[in-house]
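Next come the chains, spelled out residue by residue.
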Amino acid sequence: MVPTPLALAGCEERLSAVHPAGPAADLIATLWWTMLAGAAAIFLLVVVLLVLAFRRGEGPSDAGADRQREMVWVKGFGLGFTMTVLAALTAWGLWIGERLLPRPGPDVVAVEAEGRQWSWRFSYPDAPGRTTENTLHIPAQRPIDVRITSTDVIHSFWVPRLAGKLDAIPGHVNVLRVEAWEPGEYAGVSGEFSGTGYRTHGFTVIAHDAAGWDAFLTGEMP
Amino acid sequence: MTEKRRMTALRLHKALYSIWRNDPGWKGVFTTVNNNTIGNMFILGATGMFLAGGILAMLIRAQLASPQSAFMGPEIYNQVFTMHGTIMMFLFAIPFFEALTIFLLPGMLGTRDLAFPRLSAYGFWCYMIGSTIMIIALVAGVAPDGGWFMYPPLSSSAFSPGINADIWLLGISFIEISAISAAVEVVVTVLRYRAVGMSLDKLPIFAWYMLVVAVMILTAFPPMILGSLILELERAFDMPFFQAENGGDSLLWQHLFWLFGHPEVYIIFLPAAGVVSTVLPVMARTTLLGYGWVVAAAISLAVLSFGLWVHHMFATGIPHMGLAFFSAVSTLVAVPTGVQIFIWIGTLWKGRPELHLPMLWILGFFVTFVMGGLTGVMVAMVPFDWQAHDSYFIVAHLHYVLIGGYVFPMIAGIYYWLPVLTGRKRFFRMGETAFWLVMVGFHGTFLLLHWVGLLGMRRRIDTFEAGSGWELINLLASISGFVLAIGFGLVILDIAVNAFVAVRGRRNPWNAGTLEWGTPIPGPAYNFASIPVVNSRYPLHDHPDLPVQIARGEGFLGEPVRNRRETLAVSVSRGEPEFIAVFPQNSIVPFVMAVVTSIMFMAPTFKWWWLSGISAVGVTALALVWAWSGGSREDEGLLDAGRGVSLPTHNEIPHPPGWWGSLFLLLADSVLFGSLLFGYAFLWTVAPNWPPPRILEPGVLGPVLAVGGAGLASGGIRLADRAIRSDGSAWAGVLVSLAGLVTLMAAAATVFRGTTHNAHAYDATLWVIAGYIIFHATLAGIMTLFLLFRIRAGYLSSRRFGDARVVRLWIDYAVLVAALGLGAAWLPGILAEVPR
Ligand code: HEM
Ligand SMILES: [Cu+2]
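Parameters and conventions
Residues numbered from 1 in each chain as written. Chains lettered and ligands numbered in written order. Predicted model: local features only at pLDDT ≥ 70, side-chain atom pairs only at ≥ 80, totals over all residues. Heavy atoms only, no water. Helix = DSSP H or I, 4+ residues; strand = E, 2+ residues; numbered from the N terminus. Rg over C-alpha atoms; globule rule 2.2 N^0.38 Å. Buried < 20%, exposed > 50% of the residue type's maximum accessible area, 1.4 Å probe, protein only. Contact = heavy atoms within 4.5 Å. Areas by Shrake-Rupley, 256 points an atom, 1.4 Å probe, with all protein chains shown as cover. Lys, Arg positive; Asp, Glu negative; His and termini not counted. Charge placed at Lys NZ, Arg CZ, Asp CG, Glu CD. Domains from an automatic or database assignment. Salt bridge = Lys/Arg side-chain N within 4 Å of Asp/Glu carboxyl O. Expected span 1.5 Å × (residues − 1). Donors = N, O, S within 2.8 Å, 3.2 Å for Na, K, Ca; no water. Tetrahedral: all angles 85-135°; square planar, octahedral: opposite > 155°, others 65-115°. Near = heavy atom within 4 Å. Polar contact = N/O pair within 3.5 Å; in protein donor to acceptor, adjacent residues only side chain to side chain. Nonpolar A, V, L, I, M, F, W, Y, C, P; charged D, E, K, R; others polar. pLDDT = per-residue confidence, 0-100. Axes fitted to C-alpha atoms, helices over the stretch in contact; angles between N-to-C directions. Parallel < 35°, antiparallel > 145°, perpendicular 65-115°, else oblique. Core = buried A, V, L, I, M, F, W, Y, C linked by side-chain atoms within 4.5 Å. Pairing = 2+ DSSP bridges. Buried area = accessible area lost by both parts, 1.4 Å probe. Left-handed = near helix turned anticlockwise from the far one by under 90°.

1. A closer look at the overall build of chain A
Okay, so step 1: When helices and strands are tallied, chain A shows 3 helices and 10 strands.
Okay, so step 2: Seen in sequence order, chain A has helices and strands lined up from the N terminus as α-α-β-β-β-β-β-β-β-β-β-β-α.
Okay, so step 3: For a compact globule of 222 residues, the expected C-alpha radius of gyration is about 17 Å, and chain A comes in at 24 Å, more than 25% above that figure.
Okay, so step 4: Principal axes of the C-alpha set define a box for chain A whose edges measure 85 × 35 × 35 Å.
Okay, so step 5: For chain A, buried positions account for 50% of its 222 residues.
Okay, so step 6: Long-range contacts, defined here as pairs at least 24 residues apart, represent 66% of the contacts in chain A between residues at least 6 apart.
Okay, so step 7: Looking at chain A as shown, the accessible area adds up to about 9700 Å², and 60% of this sits on carbon and sulfur atoms.
Okay, so step 8: Across chain A, the centroid of the 17 positively charged side chains sits 7 Å from that of the 23 negatively charged ones.

Dropping the structure here:
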């Protein structure tokens, strides 16, 4: 099966977290754009308050005026404003975190990823004995649990267009949920510094359509 | 009194100067214990390290200016970015604020020097020597190359066989001596050495911040020092703390490192916030709004910052509930930060801000730091962090907070305090140009790097491919990086020129209210001719003639009749006069001891254990020489402290400064011990390949020795203490205590017999626990022997028993850690024996 050219983003977006190609990366990208807008608004507010400080004259300096100011600046802005914004954001962040969890389901596919200096080996419980080097095969449009570990130093499994990264740690197995909307090829890299070969420590994810995935499992294609 | 009236300010100055001054010439550099001199040298040293780190930053930006750069290969590049981060964090950021604090604090508090002048000198020399070693390693091409947080197993001997990692572990631990000693110094100084009447609620706000920071240093650094120690033990003796096959876990390092590393970020930010809280109100010709709120914000920031280290480990597979908790705390920490920001803005609204150069830098701080804080809240969101982690988004974020939140306020502070530092007023006006260069250069360099991070550019890659879409942004960042560097260069040049050739200025040009502006400028060696009495937060505003009164000797200790270095210590909370502290003379011992300590730390790099051992003996001997030179062989009774008050010297009070210093040193020590027990519990519950194949059986001998030793050690010193206070013979008590300590060592040594140091992480941990106990029992033993000799030489009496109290404190600590440590070591064995 040949990946559909449509699914291939331009070369410049190969590793882009803001050009999502799956539900996890999509949720995170939405989170990012919203936070960016909110941050810009707060930043603007601070700048306006600063500029106004220079344009106003000196205020009264008795103790009563100071109490008044503490109400406004400490309790109003400092506590009230920041806590409201942060509480809302945290709640939303947690909710997204919930949705990214690898929950069990009927059509979840498990694959195994093992990092080493400087390559990745993938294996497939659905096709025992089958391993691939530096290329991970998955079915598109199905949730995948990638079980990640390492045989030497710490690495990190990262396919930015599909999901966030999760570390490969010797002695531990971490599970990351990924899913691709469309069949195609997606670039992956290690996201944890691992010495001199770190830069080229990448891999490719090939998402197959249903037929292609079956063919892969039965060994009809490399 | 009449005698004092006649003494003019000038004569008083001459008398004090001859008592407090440094040795003449070059010798003075190495023997000085004066806070002004050490502060100045320290500032110069830390600035030098900023330049070194900056040169490395330029190499990084040169390498990344274009794709497929062949300027450096990964072997060199990895050293360059590791050393850039290491130098900036450990050799510039922390030392620079310590330097400023050492310089400013006595002036702000209205006292003559810091609590332990020789410790300042020792810390400074450890810093200078350690930094020099790191730079030499860099030039020699054997610099650390595992990134500034040195994650094992990459930094373990299997994957980093050279000496590069050892240099980091040993060198940084050595340099941290200077952080710990400065912290002890600052805590005791702020608590005990202040102007009379300066109760805690009248403390200059900067001193409050530094008190908080110092306590944070004492509680945050120990986990990392422990981590470095056990990683070095793994590298040298194959004790498998971080090797999964043998029950170790590389995540243990991450916990220990970030348990330090996150508070570290606030340790760096809070001094800068202290500068802003001090300088901004003066620039706005008003007073700080909500003083109490600011103090509360600083304290809560400090407390919270210990509860969120895991946000650096969001991608390591922490369970979901844990992530939620640490994510929430990480956002919570933005609340006290927000409170401070809005209080500062409110202060500007309250006053009439003027755009002097320090104010410009503070505005630069506002704009930049707020952006860094906002991206910080973003990465506190776990899902977003999974994308941003280890990408250039993080590089951009951390420079917004470190440069915007730390470097800019520090520059504001230097310009603000320039008259106190140099006695000159700003004459050359490159400063404004430099400011704008830095602003344009900074945002040009780092703003778009956020974006390139989201486009997938990982940090720590040595180059990138053409066609990745990152070329333009990197080119812009590199060009702006050089503009930024030129800007910083110009700032340093401007300050240097103004420091050395500008015209002399007048005292207190900003019309500030705090005491550091009440001395002649630059401050003389003794800082204050007499210790002032204050009754508000801004004493110079209440009493514009206070400087003259101080200079005329109308405060406390205004008559140097005893011809020695004396200053006043006050009660902790209310600032009432309590005793006269007699300070040490100039001394070469701190410098020599720093040299020998450096050999002790660095010799293991080359596995020269014998050299390290000899140096350890040398350090001990020097420490004894150091400690011996204080004290008095006769009772002095109450002495005239001026203004009709009579006080004892520090030799004749139950808890002398040395006791306070020990107390806070032991605070740090106990955090280290606590981290060790945490590591033990962590490995047991989280690491793979547990429980260990063989568990230590406590037996009978060990526990009996432990209980007996603990009783003898703490009982003996109490007997001795009582005997000294009633002028009886203390020998028996001291010897009993000594016997108890030796018994404790024997009890701890039984652990070695039942375990093999490199068999399993369990065994290795027990060895460290036992070693820790033996080390502290030995330390207490040496002090006990020292006490014996002091008693024989007549340094103790029924009025002078402070030495015994210090030793008692250390013995009690040794007993406590022996009980806890051996209990923890034996517990699994005991549980295994209990029939189910
Ligand atoms: C003078 C302007 C500076 C420039 C242009 C600059 C540039 C950079 C760049 C490009 C990196 C990323 C290197 C990589 O990941 O490959 C970096 C890393 C870093 N920088 Fe800076 N930097 C500057 C100043 C500072 C300052 C003042 C501090 C701290 C106070 C600092 C602390 C760090 C740290 C901690 C790292 C991480 C190192 C690591 O990944 O191990 N930098 N810097
Ligand atoms: Cu942090």
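From this point on, the discussion continues.
2. Regarding the domain arrangement of chain A
All names here are of chain A.
Okay, so step 1: Domain annotation for chain A reports domain 1 (3–99) and domain 2 (109–217).
Okay, so step 2: Put simply, the middle of domain 1 and the middle of domain 2, counted by C-alpha atoms, are 33 Å apart.
Okay, so step 3: Contact residues are listed per partner, giving 19 residues for domain 1 and 16 residues for domain 2.
Okay, so step 4: Between the two partners, domain 1 and domain 2, sit 0 salt bridges.

3. Describing helix α7 (residues 164–192) of chain B
Okay, so step 1: Helix length check: α7 of chain B, at 29 residues, gives a terminal C-alpha distance of 43 Å against a target of 42 Å (1.5 Å per residue), a fit within 8%.
Okay, so step 2: Of all 29 residues in α7 of chain B, 29 are buried, a share of seventy percent or more.

4. Things to note about the coordination of the copper ion (ligand 2)
Four donors placed tetrahedrally about a metal ideally form angles of 109.5 degrees, and six donors placed octahedrally ideally form angles of 90 or 180 degrees.
Okay, so step 1: Those protein atoms acting as donors to the copper ion (ligand 2) are His262 of chain B (ND1), His311 of chain B (NE2) and His312 of chain B (NE2), and they sit at 1.6 to 2.0 Å.
Okay, so step 2: Between consecutive donor residues of the copper ion (ligand 2), the sequence gaps follow H-x48-H-H.

5. Quick notes on helix α10 (residues 291–305) of chain B
The α-helix winds at 3.6 residues per turn, so residues separated by three or four positions along the chain end up facing the same way.
Residue and element names in this part refer to chain B.
Okay, so step 1: Between its terminal C-alpha atoms α10 stretches 21 Å, which fits the 21 Å expected from 15 residues at 1.5 Å a residue.
Okay, so step 2: Looking only at α10, the buried set comprises Tyr291, Val294, Val295, Ala297, Ala298, Leu301, Ala302, Leu304 and Ser305.
Okay, so step 3: Packing partners of the buried residues in α10 comprise α8 (205–237), α9 (250–283), α11 (320–332) and α12 (334–350).

6. Description of the coordination of the iron atom of ligand 1
All names here are of chain B.
Okay, so step 1: For the iron atom of ligand 1, the full set of protein donor atoms is His84 (NE2) and His399 (NE2), and the range of their distances to it is 1.9 to 2.0 Å.
Okay, so step 2: Classification of the site at the iron atom of ligand 1 as octahedral follows from its 6 donor atoms and the range of 89 to 180° in their angles at the metal. Of the two residues, His84 sits in helix α5 (residues 74–109) while His399 sits in helix α15 (residues 392–422), which places them 315 residues apart along the sequence.
Okay, so step 3: You can call His84 buried: its relative accessible area is 14%.
Okay, so step 4: Judged by its relative accessible area of 15%, His399 falls in the buried class.

7. Regarding the site of ligand 1
All names here are of chain B.
Okay, so step 1: Near ligand 1 lie 23 residues; those nearest to it are Tyr77, His84, Trp148, His399 and Arg460.
Okay, so step 2: In this structure, Tyr77 approaches ligand 1 through a side-chain N or O atom, which is 2.6 Å from an oxygen atom.
Okay, so step 3: At a separation of 2.8 Å, an oxygen atom of ligand 1 approaches a polar side-chain atom of Arg460.
Okay, so step 4: Residue assignment for the shell around ligand 1 shows that the elements contributing at least two residues are α4 (35–64), α5 and α15.
Okay, so step 5: When its residues are assigned to classes, the shell around ligand 1 shows 16 nonpolar, 4 polar and 3 charged.

8. Observations concerning the side chain of Glu264 of chain B
Okay, so step 1: Assignment of secondary structure puts Glu264 of chain B in helix α9.
Okay, so step 2: Residues contacting Glu264 of chain B, with those up to four places away along its chain left out, are Met89, Ile94, Trp148 and Phe221 of chain B.

9. Remarks on the confidence of the model for chain A
Okay, so step 1: For chain A, per-residue confidence averages 90 on the pLDDT scale, and residues scoring 70 or more make up 94% of the total.
Okay, so step 2: Considering only residues more than four positions removed or in separate chains, one finds that residues 1–9 of chain A, a stretch of pLDDT under 50, has 13 contacts.

10. Remarks on the packing of α9 of chain B against α10 of chain B
All names here are of chain B.
Okay, so step 1: Two numbers describe how α9 lies on α10: the axes approach to 9 Å, and their chain directions differ by 170°. Between α9 and α10, the interaxial angle falls into the category roughly antiparallel. Residues His262, Pro263, Tyr266, Phe269, Leu270 and Ser277 of α9 form the contact with α10, whose own contacting residues are Val294, Ala298, Leu301 and Ser305.
Okay, so step 2: For the contact of α9 with α10, the class distribution of residues is 7 nonpolar, 3 polar and no charged.

11. Things to note about the nonpolar core
Okay, so step 1: Core analysis: the biggest nonpolar cluster contains 360 residues, and Phe157 of chain A together with Trp344, Trp361, Phe366 and Phe384 of chain B have the highest contact counts within it.
Okay, so step 2: Residues from two domains meet in this core; each of domain 1 (3–99) and domain 2 (109–217) of chain A gives at least three.
Okay, so step 3: Counting residues in each nonpolar core, the second largest holds 10 residues, with Ile531, Val570, Ile580 and Leu647 of chain B among its members.

12. With respect to the sheet that holds strand β1 (residues 109–116) of chain A
Residue and element names in this part refer to chain A.
Okay, so step 1: Spatially, 5 strands are ordered β3-β2-β1-β5-β8 in an open sheet, and the strand pairing comes out mixed. Across the chains shown, the open sheet's two edge strands, defined by having one partner strand only, are β3 (131–133) and β8 (174–178). Each strand axis lies, on average, 25° off the axis of its neighbour in the sheet, ignoring direction.
Okay, so step 2: Here 3 bridges tie strand β2 (residues 119–123) to β3, and the two strands are oriented antiparallel to one another. Bridging across to β3, Arg121 finds its partner in Glu133.

13. Points about the pattern of salt bridges
Okay, so step 1: Under the criterion given, the structure shown has 28 salt bridges over all chains.
Okay, so step 2: Between Arg116 of chain A and Glu114 of chain A there is a salt bridge, with the nearest N and O atoms lying 2.4 Å from each other.
Okay, so step 3: Two residues, Arg285 of chain B and Glu354 of chain B, come together in a salt bridge whose shortest N-O distance is 2.7 Å. Linking Arg285 of chain B in the loop between α9 and α10 with Glu354 of chain B in the loop between α12 and α13 (357–380), this pair joins segments that are 69 residues apart in sequence.

14. Looking at unusual backbone geometry
Okay, so step 1: Trp118 of chain A follows Gln117 of chain A through a cis peptide bond whose omega is -5°.
Okay, so step 2: Along the chain, Trp118 of chain A falls in the loop between β1 and β2.
Okay, so step 3: Backbone torsion omega between Trp690 of chain B and Pro691 of chain B reads -5°, so that peptide bond is classified as cis.
Okay, so step 4: Along the polypeptide, Pro691 of chain B turns up in the loop between α22 (657–686) and α23 (701–725).
Okay, so step 5: Phi is positive for Arg460 of chain B, close to 70°, though the residue is something other than glycine.

15. Quick look at the interface of chain A and chain B
Okay, so step 1: On the chain B side, the residues contacting the 75 residues of chain A number 81 residues.
Okay, so step 2: Sorting the residues of chain A by area buried against chain B places Trp73, Phe193 and Arg199 of chain A first, and these three jointly supply 11% of that buried surface.
Okay, so step 3: Across the contact surface, chain A and chain B share 3 salt bridges.
Okay, so step 4: Between Arg199 of chain A and Asp462 of chain B there is a salt bridge, with the nearest N and O atoms lying 3.1 Å from each other.
Okay, so step 5: At the boundary of chain A and chain B, one finds 20 residue pairs in polar contact (both at pLDDT 80 or more).

16. Topic: the environment of Val501 of chain B
All names here are of chain B.
Okay, so step 1: Summarising the element assignment, Val501 is placed in the loop between α17 (471–500) and α18 (539–542).
Okay, so step 2: The sequence separation of Val501 and Phe428 amounts to 73 residues, and the corresponding C-alpha distance is 9.4 Å.
Okay, so step 3: Excluding anything up to four places from it in sequence, Val501 contacts Arg424 and Phe428.

17. As for the packing of helix α20 (residues 589–602) of chain B against helix α21 (residues 609–628) of chain B
All names here are of chain B.
Okay, so step 1: Here α20 crosses α21 at 160°, and the two axes come no closer than 8 Å. Comparing the axis directions of α20 and α21 gives the class roughly antiparallel. When the axes of α20 and α21 are compared, the crossing they make is left-handed. Every residue of α21 that contacts α20 at Val589, Pro590, Val592, Met593, Val596, Thr597, Ile599 and Met600 is listed here: Leu611, Ser612, Ser615, Ala616, Gly618, Val619, Leu622, Ala623, Val625 and Trp626.
Okay, so step 2: Residue composition of the contact of α20 with α21, grouped by class: 14 nonpolar, 4 polar and no charged.

18. So, the sheet that holds strand β9 (residues 184–190) of chain A
Residue and element names in this part refer to chain A.
Okay, so step 1: Strand order in this open sheet of 5 strands is β4-β10-β9-β6-β7, and the pairing throughout is mixed. Edge positions in the sheet fall to β4 (135–139) and β7 (166–168), since each of these pairs with one other strand and no more. Taken pair by pair, the neighbouring strands of this sheet meet at an average axis angle of 30°, ignoring direction.
Okay, so step 2: Across 3 bridges, the pairing between strand β6 (residues 155–158) and β7 is antiparallel. Paired with Ser156 across the strands is Asp167, a residue of β7.

19. As for the pairing of strand β10 (residues 202–208) of chain A
All names here are of chain A.
Okay, so step 1: In terms of burial, β10 is a largely internal element, 5 of the 7 residues being buried.
Okay, so step 2: Pairing analysis gives 5 bridges linking β4 to β10, with the strands arranged parallel. Among the inter-strand pairings, Leu136 is bridged to a residue of β10, identified as Val205.
Okay, so step 3: Bridge count for β9 against β10 is 6 bridges, and the pairing is antiparallel.

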